[in-house]
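One-letter residues, chain by chain:
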Amino acid sequence: MEHSDDTDRSESREAGVGDAGPKRPRTTRGERTRSALVAAARRIFERDGYLNVRLSDIPAEAGCASGTLYTYFNGKEDIFEAVLALVEDDMLHGDRDAAPSSDPLDQIRSANRSYLESYQRHALVMRCFEQAAVSDPHFQKLRSMRAHRFIERNAAAIRRLQAEGVADPALDPELASKALSAMVSRVAFSAYVLEDPVPLDDLVEVTTRLWANALWITGPHTP
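Okay, so let's go over this structure.

What counts as what
- Residues numbered from 1 in each chain as written.
- Predicted model: local features only at pLDDT ≥ 70, side-chain atom pairs only at ≥ 80, totals over all residues.
- Heavy atoms only, no water.
- Helix = DSSP H or I, 4+ residues; strand = E, 2+ residues; numbered from the N terminus.
- Expected span 1.5 Å × (residues − 1).
- Buried < 20%, exposed > 50% of the residue type's maximum accessible area, 1.4 Å probe, protein only.
- Contact = heavy atoms within 4.5 Å.
- Polar contact = N/O pair within 3.5 Å; in protein donor to acceptor, adjacent residues only side chain to side chain.
- Salt bridge = Lys/Arg side-chain N within 4 Å of Asp/Glu carboxyl O.
- Axes fitted to C-alpha atoms, helices over the stretch in contact; angles between N-to-C directions.
- Parallel < 35°, antiparallel > 145°, perpendicular 65-115°, else oblique.
- Nonpolar A, V, L, I, M, F, W, Y, C, P; charged D, E, K, R; others polar.

Turning next to helix H8 (residues 137-163). The end-to-end C-alpha separation of H8 is 38 Å, in line with the 39 Å expected for 27 residues at 1.5 Å each. The complete set of buried residues in H8 reads Phe-139, Leu-142, Arg-146, Phe-150, Ile-151, Asn-154, Ala-155, Ile-158, Leu-161 and Gln-162. Packing partners of the buried residues in H8 comprise helix H5 (76-93), helix H6 (104-121), helix H7 (123-135), helix H9 (173-192) and helix H10 (200-215). Put simply, Asp-136 is the residue that caps the front of H8, since its side-chain oxygen is 2.8 Å from the backbone nitrogen of His-138. Positive phi shows up at Gly-165, right after H8, with a value of about 80 degrees.

Right, dumping it as structure tokens:
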């Protein structure tokens, strides 16, 4: 449904357009409109790629008046960040409902499967992210920050396994995490962005075996 100009102006005042802070809606209606714009933006970015998106297509896709996007976002970079935030939350926490296991191999396998499945779901957004990071220093920095969050999470898991006496204590957790996280990330990029298909179960098992062998969880050659 298209919103009237009066609605746009009202939401603009409520959201603080022109203020230094983020343009967050203060009403339920505003939150619905913003969410619709983010969902529409995702579809347009996935369809056209980051570099080719026309901002006017986003409110049209969302069924909003043409100026509504600027009620909540400063431009293409701003709304793409909102899309990325939703994707990152799913990729970082997609395994939150997984059944806990005391087996370190099962823990690694579950984390790898969750990451690869979420990467597959969001492959078109990740393709856009790669485009944006190459062309825009701001997104290059965001990409680095995003990678750091995954590295820190995995480093914490490695430290825990070392403390439990099941991983090589001589490894630097941060460096090991950086190497292993990059390996899984590029495997996912190749499979789901470059479309070099490999069955998911095979990807999970190979990346899990490489993690386990690198950490010497059951010795240098996991059977």
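Looking now at the pattern of salt bridges. Taken as a whole and assessed by the stated rule, the structure comprises 14 salt bridges. The closest approach of N and O atoms between Arg-113 and Glu-117, which form a salt bridge, is 3.9 Å. Residue Arg-113 and its partner Glu-117 are both found in helix H6; the two are separated by 4 residues, about one turn of the helix. On the basis of relative accessibility, which here comes to 26%, the residue Arg-113 falls in the partly exposed class. Put simply, Arg-159 and Glu-174 hold a salt bridge, and the shortest N to O gap is 2.3 Å. Within this pair, whereas Arg-159 is found in helix H8, its partner Glu-174 is found in helix H9, the two being separated by 15 residues in sequence. Using a relative accessible area of 34% as the deciding quantity, one classes Arg-159 as partly exposed. One salt-bridge network, held together by shared partners, links Arg-47, Asp-48, Arg-54 and Asp-57.

What follows is about the packing of helix H2 (residues 28-48) against H7. Close contact between H2 and H7 brings their axes to 9 Å; oriented N to C, the two are set at 70 degrees. If you check the angle between H2 and H7, you find them roughly perpendicular. Contacts between H2 and H7 pair Arg-42, Phe-45 and Glu-46 from the former with Leu-124, Val-125, Arg-127 and Cys-128 from the latter. Classifying every residue of the contact of H2 with H7 by side-chain character gives 4 nonpolar, no polar and 3 charged.

All we've got here are geometric facts, nothing functional implied.
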